[in-house]
Number of protein chains: 2
Amino acid sequence: MSEPFVAVTLADVARSAGVSKMTVSNVINNKPGMSDATRERVQRAINATGYVVNPAARALSGRRSNLIGVLTPHINLPFATEILHGASVTAEAAGLNLAIFTTANNVTLERERATLLRTLADGVLLVIPSADEHHIFGNAIPVVTLGAHGHRTVQVDNHTGGALATQHLIDLGHTRIGHIAGMRDVLRDAVDRQAGYHAALLAAGLPAPEAYVQDGEFSEELGERAARTLLTLPEPPTAIFAANDRSAIGAVRAATALGLNVPRNVSIVGFDDIHAASVMDPPLTTIRQPLEEMGTTAAQLLIDLIRGEERTEMHICFPATLIVRGSTAPPGRTQSASS
Amino acid sequence: MSEPFVAVTLADVARSAGVSKMTVSNVINNKPGMSDATRERVQRAINATGYVVNPAARALSGRRSNLIGVLTPHINLPFATEILHGASVTAEAAGLNLAIFTTANNVTLERERATLLRTLADGVLLVIPSADEHHIFGNAIPVVTLGAHGHRTVQVDNHTGGALATQHLIDLGHTRIGHIAGMRDVLRDAVDRQAGYHAALLAAGLPAPEAYVQDGEFSEELGERAARTLLTLPEPPTAIFAANDRSAIGAVRAATALGLNVPRNVSIVGFDDIHAASVMDPPLTTIRQPLEEMGTTAAQLLIDLIRGEERTEMHICFPATLIVRGSTAPPGRTQSASS
DNA sequence: TTGTAAGCGTTATCAG
DNA sequence: CTGATAACGCTTACAA
């Protein structure tokens, strides 16, 4: 068991079982039409030798590698990891392995790794890609996108989500509502959330001055900066809808640093409902995306496509739901940031 | 650019450039000894055709695949993702790709995927494996472990960390200090942290009843349950040292559910300093591991080994530091859990 | 039911 | 400095 370990190949197993390589290959792939006796003998030889297929050889030979490639911007992005957790469990159950690669939001890297996966994986899961990379895969392997860009997508109803968040603030009595936007230049999701925000304001007859929308790039740091900008305006908003939880966390930090209490002086709503949202101080009111479930669904769709089953859905949309926690309240008296 | 995309091979580029496959291969691998003219002509052909190497073929042919394999228990494990973020940036810079696989803390899966990586990757990063899987790799490819099990390891000083956490509670005046342990049956790290806890208690002449140590398995759910057990003992501890931040988060939840205020009625210390620790309510006092830096160091060590450079360090140990936040205070008057 | 031959795209080796 | 050939481990066809 703890030998220096030499690579065991199909040929070794074949020799050991006294059959041809093909017979071993057929056993491994559960091909029908073969005597149970041989099948068992081969199986024993496989166990005895400790043989495991070489995925590179298998992929090269033009057949499936049992790998699902995943492209995600970052590995420590809660939004992505919660989705991928769901996907991972599903893939597991189907006997497929998730091979995860990061793209650092870099278009060149994204493209490069996509090309790499084209020859390595049986299918690809694209997590919020910055562009539709569908053409890279052509019909070489199936692709499912988590996000708005793509041929087959799984996502949440961003527009309704943005409207829900904003409407919640309106219902609380807020009239000056700011927005910390996401990466609108590359992600349709961000654009849609902002559109929902505007739609709700419009429907309520509330103003939406341009200065009330600041870019937070979906990150904590830039969310913090955006919130600081909003809260130090001559006439600052009393409530902020942040395009995701991370920028909302940054916004809470900015408010606190300015001596403002959340939610007494400023209300803040996030988007995603990542794990930290329920644990943080104050617990974050947010728009929930069923992340794990979305991951599961996307993985299942991809697996079906890999298996060649007919799936006609092109765009699966999950509902967004409002989760009210402690970061929102009716507008208070203190309006301007001290210090 | 948006053509259905046909796979371009070395042969295609060679034909297009009017040279042999080998020359193209040599250009791609920056092999010396070749006229600049040819090199440039080939380079042009590569760009024109949009050629990208097939990693499967490369790996099969016995040469490096430019892939670093990673095995991690879960994809949404903050401890792991923060380490891997550091590793990812480093690998990036060296032109290597991180391919991340999960093991779900399942020994069989761990072994299976390790074997898979042996033929697929140039080197492997094992994140807190449940056993030393070194033998699987033999000297086929180098391995670096983040955790205590392994031939080459990168980890934090767990013993000192455990002692620091406990000493901090002792310094605050606590005399009844409980411990929520990790997966001691599979992880030496957990054993070491508990040993540090015991050492500190012993040095201070404080009691360490057996019931004061409960297993939390490093998870939020079991951490919560363990804390509930501790806090409902006839003579409950006034302070708890949890073996990691996730179980500490569970402990805070349990205390709150029991009507206890943290830190007024119970002090809680975690371990890791994951991102959530600083954001949660109350902010968690914890033992910091420099996770990103550990990831960077591990990746660099592995890359050097892959490149064949001599690195003699077998065990790199980072210091653990105490971060005091809001979850610890001197013992209060209220000792027993109400309801 | 089982075996044989050829080839996937790349690189090492060795000639030219 | 460049090119031909064989090999990596597996699978698809087809033959027995």
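Residues numbered from 1 in each chain as written. Chains lettered and ligands numbered in written order. Predicted model: local features only at pLDDT ≥ 70, side-chain atom pairs only at ≥ 80, totals over all residues. Heavy atoms only, no water.

### Remarks on the interface of chain A and chain B
Between chain A and chain B, the contact holds 48 residues from the first and 48 residues from the second. Roughly 4,300 Å² of surface becomes buried between chain A and chain B when both sides are summed, with 63% attributable to carbon and sulfur atoms. Inspection of the chain A/chain B interface yields two salt bridges. With a closest N to O distance of 3.3 Å, Arg-113 of chain A and Glu-92 of chain B form a salt bridge. Seen at the junction of chain A and chain B, the total is 13 residue pairs in polar contact (both at pLDDT 80 or more). Of all the secondary-structure elements, those providing two or more residues to the side of chain A that touches chain B are helix H4 (55–60), helix H5 (78–93), strand E2 (97–102), helix H6 (107–120), helix H7 (134–137), helix H11 (245–257) and helix H12 (275–279) of chain A. Looking at the side of chain A that touches chain B element by element, the count peaks at eight residues for H6 of chain A. (Contact = heavy atoms within 4.5 Å. Buried area = accessible area lost by both parts, 1.4 Å probe. Salt bridge = Lys/Arg side-chain N within 4 Å of Asp/Glu carboxyl O. Polar contact = N/O pair within 3.5 Å; in protein donor to acceptor, adjacent residues only side chain to side chain. Helix = DSSP H or I, 4+ residues; strand = E, 2+ residues; numbered from the N terminus.)

### Brief notes about the side chain of Arg-311 of chain B
Residue and element names in this part refer to chain B. Secondary-structure assignment places Arg-311 in the loop between helix H13 (291–306) and strand E11 (315–318). Looking at Arg-311, the relative accessible area reads 18%, which means it is buried. A distance of 2.5 Å separates polar atoms of two side chains, one belonging to Arg-311 and the other to Asp-304. Apart from the residues lying within four places of it in its own chain, the contact partners of Arg-311 are Arg-152, Gln-300, Leu-301, Asp-304, Leu-305 and Ile-316. (Buried < 20%, exposed > 50% of the residue type's maximum accessible area, 1.4 Å probe, protein only.)

### Let's talk about the sheet that holds strand E10 (residues 285–288) of chain B
Residue and element names in this part refer to chain B. The six strands are arranged E7-E6-E8-E9-E10-E12 in an open sheet whose pairing can be described as mixed. For this open sheet the edge positions go to strand E7 (213–215) and strand E12 (321–323), each flanked by a neighbour on one side alone. When the angles between neighbouring strand axes are averaged without regard to direction, this sheet yields 20 degrees. Two elements, E10 and E12, share three bridges in a ladder whose sense is antiparallel. The residue bridging Ile-287 from the neighbouring strand is Leu-322, located in E12. Of the strands in this sheet, strand E6 (177–181), strand E8 (239–242), strand E9 (267–272) and E10 touch helix H11 (residues 245–257), which is tilted by about 160 degrees from E9. (Pairing = 2+ DSSP bridges. Axes fitted to C-alpha atoms, helices over the stretch in contact; angles between N-to-C directions.)

### Some words on the pattern of salt bridges
Side chains bearing opposite charge may pair, as long as their charged atoms lie close to each other. This structure, assessed with the given rule, holds 24 salt bridges over all chains. Among the salt bridges present, the one from Glu-224 of chain B reaches Arg-253 of chain B, with a minimum N-O distance of 3.9 Å. Taken together, the residues Glu-224 of chain B in helix H10 (residues 220–231) and Arg-253 of chain B in helix H11 connect sequence positions 29 residues apart. Residue class for Arg-253 of chain B comes out partly exposed when judged on its relative accessible area of 36%. Where Glu-313 of chain B meets Arg-311 of chain B, a salt bridge forms, and the shortest distance between an N and an O atom there is 3.0 Å. Judged by relative accessible area, which is 32%, Glu-313 of chain B ranks as partly exposed. What you see here is one network of salt bridges that share partners, running through Glu-220, Glu-224, Arg-228 and Arg-253 of chain A.

### A word on the side chain of Thr-285 of chain A
Residues and elements named next belong to chain A. If you trace the backbone, Thr-285 turns up in strand E10 (residues 285–288). Judged by its relative accessible area of 0%, Thr-285 is buried. A polar side-chain atom of Thr-285 sits 2.9 Å from a polar atom in the side chain of Thr-328. In contact with Thr-285, not counting residues within four places along its chain, are His-168, Ile-268, Val-269, Gly-270, Leu-322, Ile-323, Val-324, Arg-325, Gly-326, Ser-327 and Thr-328.

### What about helix H5 (residues 78–93) of chain B?
All names here are of chain B. Helix length check: H5 (16 residues) gives 23 Å between terminal C-alpha atoms against 22 Å at 1.5 Å per residue, within 8%. Counting buried positions along H5 yields twelve of 16 residues, so the element is predominantly enclosed. Residues Phe-79, Ala-80, Thr-81, Glu-82, Ile-83, Leu-84, His-85, Gly-86, Ala-87, Ser-88, Thr-90 and Ala-91 constitute the buried set of H5. Gly-95 occupies a position one or two residues after H5 and carries a positive phi of about 80 degrees. (Expected span 1.5 Å × (residues − 1).)

### Side note on the protein's contact with DNA strand D
In the neighbourhood of DNA strand D, 23 residues make up the surrounding shell, with Leu-10, Tyr-51 and Arg-63 of chain A together with Thr-23 and Thr-38 of chain B lying closest. Backbone sugar and phosphate groups make up 68% of those atoms of DNA strand D lying within 4 Å of the protein. Contact distances for DNA strand D include 2.6 Å between a sugar or linking oxygen and a side-chain N or O atom of Ser-61 of chain A. Take Ser-61 of chain B: an N or O atom from its main chain is 3.3 Å from a base oxygen of DNA strand D. Those elements that place two or more of their residues in the surface near DNA strand D are helix H2 (21–28) and H4 of chain A together with helix H2 (21–28) of chain B. (Near = heavy atom within 4 Å.)

### With respect to the domain arrangement of chain A
Residue and element names in this part refer to chain A. Each assigned domain of chain A is listed with its residue range as follows: domain 1 (10–52), domain 2 (67–156 + 291–318) and domain 3 (158–289). Summarising the inter-unit geometry, the C-alpha centres of domain 2 and domain 3 are found 28 Å apart. Contacts between the two partners involve 16 residues from domain 2 and, on the opposite side, 13 residues from domain 3. Both sides together, the interface formed by domain 2 and domain 3 hides about 1,200 Å², and carbon and sulfur atoms give 57% of it. At the junction of domain 2 with domain 3, the criterion picks out zero salt bridges. Counting every contact that joins domain 2 to domain 3 gives seven residue pairs in polar contact (both at pLDDT 80 or more). Those elements giving two or more residues to the side of domain 2 that touches domain 3 turn out to be H5, strand E5 (153–156) and helix H13 (291–306). With three residues, the top contributor of residues to the side of domain 2 that touches domain 3 is H5. The residue makeup of the side of domain 2 that touches domain 3, split by class, is nine nonpolar, six polar and one charged. (Domains from an automatic or database assignment. Nonpolar A, V, L, I, M, F, W, Y, C, P; charged D, E, K, R; others polar.)

### Focus: the packing of aromatic side chains
All names here are of chain A. What the rule picks out here adds up to two aromatic pairs over all chains. Seen from their ring centres, Phe-241 and Phe-271 are 6.4 Å apart, and the 40 degrees between their planes marks the pair as tilted. Remark: Phe-271 occurs in strand E9 (residues 267–272) and Phe-241 occurs in strand E8 (residues 239–242); sequence separation between them is 30 residues. No difference in accessibility class separates Phe-241 from Phe-271, as the two residues are buried. (Phe/Tyr/Trp six-rings, centres within 6.5 Å; stacked < 30°, edge-to-face > 60°.)

### Description of the relation of the copies chain A and chain B
Screw-axis analysis of chain A against chain B gives a translation of 0.1 Å along the axis, an RMSD of 0.1 Å, and a rotation angle of 180 degrees. Within this description, the copies of the chain are treated as partners about a two-fold rotation axis. A share of 100% of interface residues in chain A that are also interface residues in chain B marks the association as one of identical surfaces. (Least-squares fit on C-alpha atoms with pLDDT ≥ 70 in both.)

### Side note on unusual backbone geometry
With an omega dihedral of 15 degrees, the bond running from Val-262 of chain A to Pro-263 of chain A counts as a cis peptide bond. The residue Pro-263 of chain A is located in the loop between H11 and E9 in this model. Of the consecutive residues Asp-281 of chain B and Pro-282 of chain B, the connecting peptide bond is found in the cis state with omega at -5 degrees. One non-glycine residue, Asn-66 of chain A, adopts positive backbone phi at about 65 degrees. Positionally, Asn-66 of chain A belongs in the loop between H4 and strand E1 (67–72). Despite not being glycine, Glu-217 of chain A shows a phi value in the positive range, around 50 degrees.

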